[in-house]
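Observations on chain architecture
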Amino acid sequence: MKRRPEPRLVRSLATAATSPAAPVPPPPPPPPQLPPSKLPRLAAPFVAVLLRRGRAAAASLLTRRLRAAPATEALSLISALPDVRDVSSYNAALAALCRPGRGFDLPAALALLRDMEREPHPGARPTAASYTTVMRGLCAARRAGEAVGLLRTMQASGVRPDVVTYGTLIGGLCDAAEVDAAVELLNEMCESGIEPNVVVYSCLLRGYCKSGRWQDVGKVFEEMSRRGIEPDVIMFTDLIHCLCKAGKTGKAAKVKDMMVERGLKPNVVTYNVLINSLCQEGSVREAMTLKMEMVQKGVAPDVVTYNTLISGLSGVLAMDEATGLLEEMVQGDIVVEPDATTFCSLIHGLCKMGRMFQAAKVREMMAERGFMCNLVTYNFLIHGFLRVHKVNMVTNLMNELLSSGLEPDSFTYSILINGFSKMWNVDRAEKLLCTMRQHGIKPEQAHYIPLLAAMCQQGMMERATILFNEMDKDCGLDVVAYSIMIHGASILGDTKMVKQLIKDMLEEGLTPDAVTYAIVINMFAKLNDLEEAEKVLKQMTASGFVPDVAVFDSLIKGYRAEGQIDKILELIHEMRAKDVALDPKIISTIVTSLTDEDGKLLEGLPDFTKELLQGRAAPGAHELTI
């Protein structure tokens with residue numbers, strides 16, 4: 001098999017084909033190159049053109065190739081063809097290296113710029129565009145100080161910067177919040193006879209806004225006016241965007257009106273910025289009004305406009321209007337093609353409201369247009385169908401999710417486990433917990449708590465204890481987990497287990513909360529162990545917790561069973577002192593406890609008890625006529 005030529009052969013061919021010239025200094029260490037088998041094939045067209053027509057034609061071909069080439073390929077070709085390259089091909093390679101993305105390689109770009117500075121051929125030495133390209137890359141990497149240093153190198157080399165060079169540096173400094181340094185550069189630019197343009201002032205404007213120096217914004221417009229430079233729509237839109245980001249939507253709207261007064265027409269981007277800010281603030285009605293204004297002014301809404309409004313309406317659950325906007329998009333006078341975001345926002349809002357039939361319809365429309373649901377949307381749909389107990393739909397969605405190449409995440413499993421636990425389908429919920437472990441997702445408290453609660457509510461304390469111990473190993477226990485277990489034991493009247501759990505809880509350094517105390521008090525009250533209930537109540541109040549109405553209800557029922565009217569009156573007095581609002585349930589309990597066999601209120605009750613029952617002592621209490 002014939003051996004492919006090595007890269008050095010390609011270089012020698014390129015050099016031999018040109019007329020004698022000054023010797024080319026040895027090239028610097030080559031950058032990462034393509035495999036030798038591939039490089040000659042890429043370089044061959046340039047060598048062929050070079051042999052036939054001379055250097056200029058090959059250089060032009062190289063430049064065109066480099067403009068679309070990945071950074072590594074650009075470096076390889078530039079290195080392989082020393083006598084073909086000119087400033088245009090060099091600049092194309094610099095652009096590839098400074099282009100944001102995978103090929104972004106500033107060290108290589110700086111090295112290539114230094115190679116250009118050493119080029120013997122004048123047509124290959126760096127120009128203002130060469131330096132500016134690298135400066136732009138440095139600014140994008142938040143290295144504006146180095147970019148300014150490169151300006152000084154450029155000037156020392158005798159290359160005169162232009163308005164684009166200064167504009168790039170001023171923009172980079174402003175993005176880095178170094179506005180004063182940007183102003184100094186602007187002054188230097190003006191002193192050197194280079195007139196700034198609206199782009200330069202727009203950068204300075206953004207810098208002042210980003211730094212919160214709103215008082216200096218007016219100075220920019222004054223300076224522009226003095227120089228006879230008119231702000232354009234883009235500059236005003238930038239200002240509106242900055243004001244909206246700072247939460248100054250009202251002022252941003254006034255800037256929009258100022259644009260109109262100056263004879264400038266706000267474009268769709270201007271309106272979209274304002275509409276988005278209003279929706280973020282929850283002022284969706286005002287955003288809808290602004291959308292009507294833009295239509296009246298002859299500015300057609302685009303998909304961003306509709307998506308922003310649909311998302312805002314879905315956020316406040318105004319789903320009839322949100323679905324109306326989708327209908328307007330596909331059937332209105334100006335058809336705007338919905339995208340995946342449009343459908344997902346609608347599905348999210350419909351799921352929140354439990355309108356699952358409509359959510360399914362929107363999803364069908366989404367599929368008809370070739371859009372796939374993302375994981376977040378699947379999670380919304382699964383949660384929504386679980387809430388209405390549509391298990392078959394949930395199963396279908398999970399199968400569809402997996403077949404589409406998506407993987408359930410921790411939140412997906414949390415939704416599923418919570419949903420099946422609330423349906424008391426603990427077997428399926430427990431199986432899901434095992435499945436997520438098998439897929440390498442470590443269960444957290446949010447996964448354990450619903451299943452633990454379902455087991456305890458159904459009296460499955462042995463299974464709950466096993467799960468409780470697993471939770472302890474996986475993610476640790478908290479007050480909520482202990483309270484659930486205590487509640488499960490209290491339902492069975494297992495005081496021994498309750499006391500042991502409280503002991504373990506305290507040994508772990510966890511402090512019972514109001515829910516824990518309430519569970520224990522209710523248990524003792526139902527067991528007619530009122531002495532223990534009183535002890536726990538004292539501990540609860542001593543810990544700074546105010547018993548809720550359910551605690552008082554349990555205690556009153558316990559004292560009623562023992563016929564201890566004085567204790568009931570003490571509790572009513574305590575409720576009054578703590579401003580505990582009465583609900584219909586406890587009012588019924590009190591009335592039942594304080595009436596005789598003939599249904600009359602017991603004689604000799606204190607006035608405060610009667611006032612409390614009539615709803616005049618506790619805020620929010622229900623009126624009761626005795």
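Fair warning: this is a prediction, and the values are worked out from it, not measured in the lab. Numbers given for residues are sequential positions, taken from 1 along each chain in its written order. Under the rules for a predicted model, residues below a pLDDT of 70 receive no local features and side-chain atom pairs below 80 are neither given nor counted, while totals for whole chains, interfaces and linings still include all residues. Hydrogens and water are ignored here; the side-chain numbers use all heavy atoms of the structure.

Looking now at the overall build of the chain. Numbering of helices and strands runs from the N terminus, with a helix taken as a DSSP run of H or I at least four residues long and a strand as a DSSP run of E at least two residues long. If you tally the helices and strands in the chain, you get 34 helices and 0 strands. Here, residues are in contact when the closest pair of their heavy atoms is within 4.5 Å. Contacts in the chain between residues far apart in sequence, at least 24 positions, make up 60% of those at least 6 positions apart. Reported accessibility uses the Shrake-Rupley method at a 1.4 Å probe radius. Residues are deemed covered only where the shown protein chains occlude them. Of the accessible surface of the chain, which amounts to about 31200 Å², a share of 54% is contributed by carbon and sulfur atoms.

What follows covers the environment of Asp 180. One can find Asp 180 in helix H10 (residues 179–191). Classification of residues uses two cut-offs on accessible area relative to the type maximum, computed with a 1.4 Å probe and protein chains only: under 20% is buried, over 50% is exposed, and between them is partly exposed. Judged by its relative accessible area of 48%, Asp 180 is partly exposed. Measuring from C-alpha to C-alpha, the distance between Asp 180 and Tyr 208 comes to 9.4 Å, with 28 residues separating the pair along the chain.

The first and last C-alpha atoms of helix H20 (residues 356–368) sit 18 Å apart over 13 residues, in line with the 18 Å expected at 1.5 Å per residue. Among all positions in H20, only Met 356, Ala 359, Ala 360, Val 362, Arg 363 and Met 366 are buried. Considered in projection along H20, the buried side chains sweep an arc of 160° and stay on one side of the axis. Turned more than 90 degrees off the buried face of H20, the exposed positions are Phe 357 and Glu 368. The inward-facing, buried residues of H20 abut helix H19 (340–352), helix H21 (375–387) and helix H22 (391–403). Positive phi appears at Gly 370, one or two residues downstream of H20, with a value of about 85°. By this rule, a helix spans an expected 1.5 Å times one less than how many residues it contains. Note: the arc covers the axis-to-C-beta directions of the helix.

As a further point, take the layout of surface pockets. Reported here for the second largest pocket is a volume of approximately 270 Å³. Whether a set of points on the 1 Å grid over the protein atoms alone is a cavity depends on a 1.4 Å probe fitting there but being unable to get out, while an open set qualifies as a pocket with protein on both sides within 12 Å along at least five of seven lines; lining residues are those with an atom within 4 Å of a point. Around the second largest pocket, the lining comprises 15 residues; the ones closest to its centre are Met 398, Leu 416, Arg 428, Leu 432 and Thr 435. For the lining of the second largest pocket, the secondary-structure elements that each account for two or more residues are H22, helix H23 (410–422) and helix H24 (426–438). Ranked by residues supplied to the lining of the second largest pocket, first place goes to H22 with 5 residues. All amino acids are sorted into three groups, where Ala, Val, Leu, Ile, Met, Phe, Trp, Tyr, Cys and Pro are nonpolar, Asp, Glu, Lys and Arg are charged, and the leftover types, Gly among them, are polar. Broken down by class, the residue content of the lining of the second largest pocket amounts to 8 nonpolar, 4 polar and 3 charged. Grid points are joined across faces, edges and corners, and a volume is the space filled by probe spheres set on the points.

Let's shift gears to the packing of aromatic side chains. When we look at a pair of aromatic rings, we describe it by the centre distance and by the angle of the planes. For this analysis, a ring pair means two rings from Phe, Tyr or Trp (six-membered ring only for Trp) whose centres lie within 6.5 Å, classed as stacked if their planes differ by under 30 degrees, edge-to-face if by over 60, and tilted for the remaining angles. If you walk through the whole model with that rule in mind, you get 4 aromatic pairs. Where Phe 468 meets Tyr 482, the ring centres are 5.2 Å apart and the plane angle is 80°; that geometry is what we call edge-to-face. With Phe 468 in helix H26 (residues 461–474) and Tyr 482 in helix H27 (residues 479–491), the pair connects residues that are 14 residues apart, well separated along the chain. Comparing Phe 468 with Tyr 482, the two get one shared label, buried. Ring centres of Tyr 517 and Phe 545 lie 6.0 Å apart, and the angle between their planes is 50°; on these two criteria the pair is classed as tilted. Of this pair, Tyr 517 sits in helix H29 (residues 514–526) while Phe 545 sits in the loop between helix H30 (530–542) and helix H31 (549–562), placing them 28 residues apart in sequence.

All right, on to the packing of helix H14 (residues 249–261) against helix H15 (residues 268–280) then. Each pair of packed helices can be described by the angle between their axes along with the distance between the axes. Think of each axis as a best-fit line through the C-alpha atoms, taken over the contacting stretch in the case of a helix, with angles from 0 to 180 degrees between the N-to-C directions. One way to put it is that H14 packs onto H15 with a least axis distance of 10 Å and a crossing angle of 160°. Here H14 lies roughly antiparallel to H15, going by the angle between them. The two elements H14 and H15 cross, and the hand of that crossing is left-handed. On H15, the residues that touch Thr 249, Ala 252, Ala 253, Lys 256 and Met 259 of H14 are Thr 270, Leu 274, Ser 277 and Leu 278. Each angle gets one of four labels, with under 35 degrees taken as roughly parallel, over 145 as roughly antiparallel, 65 to 115 as roughly perpendicular, and the rest as oblique. A crossing counts as left-handed when the near helix is turned anticlockwise from the far one by less than a right angle, and as right-handed when that turn is clockwise.

Along the chain, Thr 516 turns up in helix H29. The exposure class assigned to Thr 516 is buried, which follows from its relative accessible area of 2%. As used in this structure description, the phrase polar contact means that two N or O atoms lie within 3.5 Å; if the pair is within protein, one of them must be able to donate a hydrogen and the other to accept it, and residues adjacent in sequence are counted only when both atoms belong to side chains. There is a polar contact of 2.7 Å between the side chain of Thr 516 and the side chain of Asp 513. Ignoring anything within four residues of it in the chain, the contact list for Thr 516 reads Val 479, Ser 483, Ile 486 and Met 505.

Below, the discussion takes up the nonpolar core. The tendency in soluble globular proteins is for nonpolar side chains to be buried as a group. The criterion is simple. A nonpolar core is a set of buried Ala, Val, Leu, Ile, Met, Phe, Trp, Tyr and Cys residues joined through side-chain atoms within 4.5 Å. Within the largest apolar cluster, 182 residues are counted, with the highest numbers of intra-cluster contacts made by Ile 170, Leu 381, Ile 382, Met 485 and Leu 555. Filtering out sequence-adjacent residues up to four positions away, Ile 382 remains in contact with Val 394, Leu 397, Met 398, Leu 401, Thr 412, Ile 415 and Leu 416.

The geometry of H19 relative to H20 is characterised by a closest axis approach of 8 Å and an angle of 170° between their N-to-C directions. In this view, H19 runs roughly antiparallel relative to H20, as classed from their interaxial angle. Between H19 and H20, the residues in contact are Ala 340, Phe 343, Cys 344, Leu 346, Ile 347, Leu 350 and Cys 351 and Met 356, Gln 358, Ala 359, Val 362, Arg 363, Met 365 and Met 366, respectively. Grouping the constituent residues of the contact of H19 with H20 by class yields 12 nonpolar, 1 polar and 1 charged.

By definition, a salt bridge exists where a carboxyl oxygen of Asp or Glu is found within 4 Å of a side-chain nitrogen of Lys or Arg. Taken as a whole and assessed by the stated rule, the structure comprises 25 salt bridges. Across the salt bridge formed by Glu 188 and Arg 152, the nearest N and O atoms sit 2.9 Å from each other. One end of the pair, Glu 188, is in helix H10; the other, Arg 152, is in helix H8 (residues 144–156), and 36 residues separate them in sequence. In this structure Glu 188 comes out as partly exposed when scored by relative accessible area, which is 21%. Lys 219 serves as the salt-bridge partner of Asp 216, at 3.0 Å between the closest nitrogen and oxygen. The network of salt bridges with common partners includes Asp 180, Arg 213, Asp 216 and Lys 219.

This next bit is on the state of the cysteines. Here, disulfide denotes a covalent bond that connects the sulfur atoms of two cysteines. Here, a disulfide means two cysteine sulfur atoms that sit within 2.5 Å of each other. Scanning the model with the defined rule gives 0 disulfides in all. Left without a disulfide partner, Cys 139 is nearest to the cysteine sulfur of Cys 203, which lies 9.8 Å away. On the accessibility criterion, Cys 139 (9% relative accessible area) is buried. Of the cysteine sulfurs around Cys 244, a residue in no disulfide, the closest is that of Cys 242, at 9.4 Å.

Below, the discussion takes up helix H9 (residues 163–175). For H9, built from 13 residues, the straight-helix expectation of 18 Å at 1.5 Å per residue is met to within 8% by its first-to-last C-alpha distance of 18 Å. By the criterion of burial, H9 is predominantly enclosed, with 10 of the 13 residues buried. Turning to H9, the residues buried within the fold contact helix H7 (128–140), H8, H10 and helix H11 (198–210). Its side-chain oxygen at 3.1 Å from the backbone nitrogen of Val 164, Asp 162 defines the N-terminal cap of H9. Positive backbone phi, at 65°, marks Ala 177, one or two positions downstream of H9.

Positionally, Leu 66 belongs in helix H3 (residues 55–67). Sequence separation between Leu 66 and Leu 94 is 28 residues, and the spatial gap between their C-alpha atoms is 9.5 Å. Not counting the four nearest positions on each side in its chain, Leu 66 is found in contact with Ala 74, Leu 77, Ile 78, Ser 89, Ala 92 and Ala 93.

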